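What follows is each chain in one-letter form.
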Amino acid sequence: MSPKTYLQQDRQLGDPLFIDGKDAYLRYNADLVNFNDSADPVDFSIDYQQSPGKNRLIILSSNLPVRTLQVQCYVGGKNSDQASSNLSALAADCRDCVIKRGGSKFEYAAVLMDYTDEDSGVPPYRLATLTFAAIRRYPLVSVSLSGSGEVYNPGTCPSGMRLDVTPFAAFEAFIINGVTCKSLAAGKTFTIDGLEGQVICEGINRFADTDLSEFPKITPGRNSIEMSFPAEVKVSFYPIL
């Protein structure tokens, strides 16, 4: 019988924690101690809120409820060197990430604002404290339509949405929710992306082929999606709470 690995000998005590979908215990030997979601608002820079693609807090709305999230973990390893390496990797991967606590229906688009670690009293473990500016949301929702229809947003504030339009036929002009899109080819997906702040078709920038003045947003409750012609449209958004 082969000897047990360090993680097989160790024992996880806290709830599962996921950083960008990775199990924090398996990736960094980080065992969750405290997960404090505070509704206290964060004085977050306008640069982060308005620059498309800057980080994962961008849902193209300057009025999003950015809150404080504090996460504490015991981080270890088979020796102090490995514990230090795990701490460094955890801090680096948390700079701009999506955080989810096991068993929760929420996830958090988060930017690391502060990081400290201290002696836990049980070497080689150290207590890491990570403080984030975060947006609490449900995972991505996608709804498919084949013509004008309604989409329900269970969130509590407006946020960005992505419209993937795949026409059944070629159109010189196609209008969706007041936005005119020009020169659409049959079967080719034309994307108005209010999550990333771009307009693309097959990887090509097509912003100039619209009269877009503001990226689309979805509001809480029922939202009408109006099309000038039937087409396959996928509406995607994160319900923000």
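Just above sits the structure.
Quantities reported herein were computed from a predicted structural model and do not represent experimental measurements. (Residues numbered from 1 in each chain as written. Predicted model: local features only at pLDDT ≥ 70, side-chain atom pairs only at ≥ 80, totals over all residues. Heavy atoms only, no water.)

Caption draft 1: Geometry of the packing of aromatic side chains. Under the criterion given, the structure shown has 5 aromatic pairs. Centroid distance Phe106 to Tyr138: 5.5 Å. Interplanar angle 40 degrees. Geometry classified as tilted. With Phe106 in the loop between β5 (96-101) and β6 (107-119) and Tyr138 in the loop between β7 (126-137) and β8 (141-145), the pair connects residues that are 32 residues apart, well separated along the chain. Three or more aromatic residues link up through ring pairs in this structure, and these residues are Phe171, Phe174 and Phe229. We note Arg136 situated over the ring of Phe106; from NZ or CZ to the ring centre the distance is 4.8 Å. Taking NZ or CZ as reference, Arg137 lies 3.6 Å from the ring centre of Tyr238, over its face. (Phe/Tyr/Trp six-rings, centres within 6.5 Å; stacked < 30°, edge-to-face > 60°. Helix = DSSP H or I, 4+ residues; strand = E, 2+ residues; numbered from the N terminus. Lys NZ or Arg CZ within 6 Å of the ring centre and 35° of its normal.)

Caption draft 2: Main features of unusual backbone geometry. Of note, the amide linkage connecting Pro123 to Pro124 takes the cis form, showing an omega dihedral of 5 degrees. Structurally, Pro124 can be placed in the loop between β6 and β7. With a phi close to 50 degrees, Asp20 is a non-glycine residue in the positive phi region. Looking at the element boundaries, Asp20 is found in the loop between β1 (17-19) and β2 (22-23). Under the relative-accessibility criterion, Asp20 is labelled partly exposed at 32%. The phi torsion at Ser183 lies on the positive side, around 55 degrees, for a residue other than glycine. (Buried < 20%, exposed > 50% of the residue type's maximum accessible area, 1.4 Å probe, protein only.)

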